[in-house]
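One letter stands for each residue in the lines below.
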Amino acid sequence: MDINNKDLQFNNMPQHIAIIMDGNGRWAKKRLLPRTMGHREGMKSIKRIVKACMELEVQVLTVYAFSTENWRRPQNEVDYLMDLLIEFLRKELQEMHENGICIKILGDYKSLPRKCVDGIEEALHLTSGNQKMTFNLAINYGSRTEILQAVKKLGQEIRDSRIDIDNLTEEVFSSYLYTDSIPDPDLLIRTAGELRLSNFLLWQIAYTELWITDVTWPEFTRDHLLQAIGEYQQRDRRFGGLSHQKQEGQNVKSKNT
Ligand code: IPE
Ligand code: IPE
Ligand code: MG
């Protein structure tokens, strides 16, 4: 496989990559274009990155497309984003299905305009049996809303004695989130340089590696993705423990003393 000599280790690929696709507006502004043109250009990046992740055999790709806070934007921009979602599904659904991609939605999609709900449900039903890669589209997604709805559902089940509070583990709690049965992201990419999470996957990214670039989303290419993965592979993921080397060193030391 051509990976542009980036020397990636195929036994150390992130299983799940999540992306905060930011900077569409700034991309457009720099070119004296309306913000909406930035969103349109950003759609091409989604296509590019889905294809690259397929080739790299990444199992799960999650993209943040519309947050629960993005409703605060001008109505014409919100409308444009909703239309773009429908256009994206209409144009890409068949090919994604043929490539074995399973589309999932993270977020409260049922309160989107009717035409979006219909398009989304068609995509969910068509691709539900696919197993090559999972593509999570975070739409009308907010991590706090996600956690709150999980707490409410759990509370109801505890009240109805369907779940014993003593059996409530992190794993059980996770299963009430939109990401039920999806592994946590290994790598979180944010484009356009902001150093914040903007209400994205707050529970799930507890031990995710972060990679932030100043490159805006419409400019983000396969090469940037390879660079992010390359740097991810250099990280020492300790999960609060010690790195292998240090652990080995300690074992030797404790054996000798
Ligand atoms: C990200 O680009 C896309 C969405 C949030 C929908 P922005 O529209 O936030 O672009 P900037 O941050 O204004 O440049
Ligand atoms: C985050 O980008 C949400 C998405 C990429 C969909 P924003 O542009 O909404 O984030 P803030 O407002 O800069 O935090
Ligand atoms: Mg933004």
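Cut-off values and rules
Residues numbered from 1 in each chain as written. Chains lettered and ligands numbered in written order. Predicted model: local features only at pLDDT ≥ 70, side-chain atom pairs only at ≥ 80, totals over all residues. Heavy atoms only, no water. Helix = DSSP H or I, 4+ residues; strand = E, 2+ residues; numbered from the N terminus. Rg over C-alpha atoms; globule rule 2.2 N^0.38 Å. Buried < 20%, exposed > 50% of the residue type's maximum accessible area, 1.4 Å probe, protein only. Contact = heavy atoms within 4.5 Å. Areas by Shrake-Rupley, 256 points an atom, 1.4 Å probe, with all protein chains shown as cover. Lys, Arg positive; Asp, Glu negative; His and termini not counted. Charge placed at Lys NZ, Arg CZ, Asp CG, Glu CD. Near = heavy atom within 4 Å. Polar contact = N/O pair within 3.5 Å; in protein donor to acceptor, adjacent residues only side chain to side chain. Nonpolar A, V, L, I, M, F, W, Y, C, P; charged D, E, K, R; others polar. Patch = residues over 30% accessible without salt bridge, like charges linked within 9 Å, V, L, I, M, F, W, Y side chains within 5 Å. Salt bridge = Lys/Arg side-chain N within 4 Å of Asp/Glu carboxyl O. Pairing = 2+ DSSP bridges. Axes fitted to C-alpha atoms, helices over the stretch in contact; angles between N-to-C directions. Core = buried A, V, L, I, M, F, W, Y, C linked by side-chain atoms within 4.5 Å. Parallel < 35°, antiparallel > 145°, perpendicular 65-115°, else oblique. Left-handed = near helix turned anticlockwise from the far one by under 90°.

**Notes on the overall build of the chain**
For the chain, the helix and strand inventory stands at eight helices and six strands. Here the chain has a C-alpha radius of gyration of 20 Å; the compact-globule value for 257 residues is 18 Å, and the two agree. Considering only C-alpha atoms, the chain reaches an extent of 70 × 55 × 35 Å along its principal axes. Sorting the 257 residues of the chain into buried and exposed places 47% on the buried side. A sequence separation of at least 24 residues applies to 77% of the contacts in the chain between residues at least 6 apart. Within the structure as shown, the chain displays about 14,300 Å² of accessible surface, and the carbon and sulfur contribution to it stands at 49%. Looking at charge distribution, the chain has the averaged site of its 34 positive side-chain charges lying 5 Å from that of its 36 negative ones.

**A short note on the site of ligand 1**
Within the structure, ligand 1 sits among Met21, Asp22, Gly23, Asn24, Gly25, Arg26, Arg35, His39, Ala65, Asn70, Arg73 and Leu81. Contacts to ligand 1 include Gly25, whose backbone N or O atom sits 2.9 Å from an oxygen atom. Taken by itself ligand 1 offers 380 Å² of open surface, and the protein chains cover 87% of this. Of all the secondary structure elements, the ones that give two or more residues to the shell around ligand 1 are helix H1 (24–30) and helix H2 (35–55). Considering every element that reaches the shell around ligand 1, the biggest residue donor is H1, with three residues. Grouping the constituent residues of the shell around ligand 1 by class yields three nonpolar, five polar and four charged.

**Describing the site of ligand 2**
Surveying the vicinity of ligand 2 reveals the residues Ile20, Met21, Asp22, Tyr64, Ala65, Phe66, Asn70, Arg73, Arg190, Arg196 and Ser198. Contacts to ligand 2 include Arg196, whose side-chain N or O atom sits 2.8 Å from an oxygen atom. Within the side chain of Ser198, one N or O atom sits 2.6 Å away from an oxygen atom of ligand 2. Considered on its own, ligand 2 offers 390 Å² of accessible surface; in the complex 79% of this is hidden by protein. Its residues assigned to classes, the shell around ligand 2 shows five nonpolar, two polar and four charged.

**Some thoughts on a nonpolar patch on the surface**
A cluster of nonpolar residues, Leu197, Leu202 and Leu210, forms a patch on the protein surface that exposes about 220 Å² of accessible area. As for its position among the elements, Leu202 is in the loop between strand E5 (187–190) and strand E6 (209–212). We classify Leu202 as partly exposed; its relative accessible area is 35%.

**Observations regarding the sheet that holds E6**
Read from one edge of the open sheet, six strands run E3-E4-E2-E1-E5-E6, paired in parallel fashion. The strands lining the two open edges of the sheet, one partner per strand, are strand E3 (101–106) and E6. Between one strand and the next, the sheet's axes are offset by a mean angle of 20°, whatever the strand orientation.

**Comments concerning the nonpolar core**
Within the largest apolar cluster, 52 residues are counted, with the highest numbers of intra-cluster contacts made by Ile17, Ile19, Leu61, Leu112, Phe135, Ile189 and Leu225. Broken down by element, this core gets its largest block of residues, ten residues, from helix H3 (residues 75–98). Here Leu61 is in contact with Ile17, Ile19, Ile49, Val50, Cys53, Met133, Thr134, Phe135 and Asn136, once residues within four sequence places are set aside. Counting ten residues, the second largest nonpolar core, distinct from the first, contains Tyr64, Ala138, Leu188 and Ile205.

**Comments concerning the environment of Leu85**
Its place among the elements puts Leu85 in helix H3. For the pair Leu85 and Ile105, spaced 20 residues apart in the sequence, the C-alpha separation amounts to 12 Å. If we ignore the near neighbours within four places in the chain, the residues touching Leu85 are Leu112, Cys116, Ile120, Leu137 and Ile139.

**Describing the packing of H3 against helix H4 (residues 114–127)**
Where H3 meets H4, the closest approach of the two axes is 9 Å, and the angle between their N-to-C directions is 15°. Compared by their axis directions, H3 and H4 come out roughly parallel. With respect to the hand of their crossing, H3 and H4 are arranged in left-handed fashion. Contacts between H3 and H4 pair Met82, Asp83, Leu85, Ile86, Leu89, Leu93, Gln94 and His97 from the former with Lys115, Cys116, Gly119, Ile120, Glu122, Ala123, Leu126 and Thr127 from the latter. For the contact of H3 with H4, the residue count by class is nine nonpolar, four polar and three charged.

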